[in-house]
Amino acid sequence: MTRPLALVLYGKLLPGSQLVNRLEDLDYRVQTVSDPALLVACAEQVKPLVVLAQLELGRPEICSALASLRQSSSTAHLPVIGFVEENADSLREAARSAGASLVVSEGAILAHLSQFLEEALRLD
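Enquirer: Explain the overall build of the protein to me, please; I cannot follow it from the model alone.
Expert: Along its length, the protein carries 6 helices and 5 strands. Helices and strands appear in the protein in the N-to-C order β-α-β-α-β-α-β-α-β-α-α. Expected size for 124 residues packed as a compact globule is a radius of gyration near 14 Å; at 13 Å, the protein falls within 12% of this value. For the protein, the C-alpha atoms occupy an extent of roughly 40 × 30 × 25 Å along the three principal directions. Taken across its 124 residues, the protein has 47% of its residues classed as buried. Long-range pairs, those at least 24 residues apart, make up 64% of the contacts in the protein between residues at least 6 apart in sequence.

Written as structure tokens, this is what we have:
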């Protein structure tokens, strides 16, 4: 059986690389992308089961990329888990408005990844 594929958008090495390792521990294949402008094209090409995106203050193009995922007929169905620093409430809201299925803290993403994946996949 083919392992599920997760597409991960991240810019900061930590927790991005830790998330990739954790996904692999959960038996996911992982494709990474560092440029938000390439997110939709990459998702259309590799056809992931789920998208995880590191949201960063000062990088509004990430939320724009999430909105583009929702607007594309070939990627609109994908569950998106955004992860963000603890005190970035405005960024959490912007990500939800852009179409993130779930937005969680960077501190929680690694500890509760399997539960977040289950919830995101159940929501969509």
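Next, the rest of the story.
Enquirer: What exactly am I supposed to notice about the nonpolar core here?
Expert: Across soluble globular proteins, you tend to see nonpolar side chains buried next to one another. One finds Leu-7, Leu-39, Val-51, Leu-55, Leu-66, Leu-69 and Ala-95 to be the most contacted residues of the largest nonpolar core, which totals 24 residues. Those elements that provide at least two residues to this core are strand E1 (5-9), helix H2 (39-46), strand E3 (50-54), helix H3 (61-71), strand E4 (80-84) and helix H4 (89-98). Of all the elements, H3 adds the most residues to this core, at 5 residues. Not counting residues up to four positions away in its chain, the partners in contact with Val-51 are Leu-7, Leu-39, Leu-69, Leu-78, Pro-79, Val-80 and Ile-81. With 19 residues, the next largest nonpolar core counts Leu-19, Val-20, Val-50 and Val-104 among its residues.

Enquirer: Sorry if this is basic, but what is going on with the packing of H2 against H3 here?
Expert: Two quantities define a packed helix pair, namely the angle between the helix axes and the distance between the axes. Following both chains from N to C, one finds H2 and H3 inclined at 40°, their axes separated by 9 Å at the closest point. Relative to H3, the element H2 lies oblique. Seen from H2, the contacting residues are Leu-39, Val-40 and Ala-43; seen from H3, they are Ala-65, Leu-66, Ser-68 and Leu-69. Classifying every residue of the contact of H2 with H3 by side-chain character gives 6 nonpolar, 1 polar and no charged.

Analysis parameters
- Residues numbered from 1 in each chain as written.
- Predicted model: local features only at pLDDT ≥ 70, side-chain atom pairs only at ≥ 80, totals over all residues.
- Heavy atoms only, no water.
- Helix = DSSP H or I, 4+ residues; strand = E, 2+ residues; numbered from the N terminus.
- Rg over C-alpha atoms; globule rule 2.2 N^0.38 Å.
- Buried < 20%, exposed > 50% of the residue type's maximum accessible area, 1.4 Å probe, protein only.
- Contact = heavy atoms within 4.5 Å.
- Core = buried A, V, L, I, M, F, W, Y, C linked by side-chain atoms within 4.5 Å.
- Axes fitted to C-alpha atoms, helices over the stretch in contact; angles between N-to-C directions.
- Parallel < 35°, antiparallel > 145°, perpendicular 65-115°, else oblique.
- Nonpolar A, V, L, I, M, F, W, Y, C, P; charged D, E, K, R; others polar.

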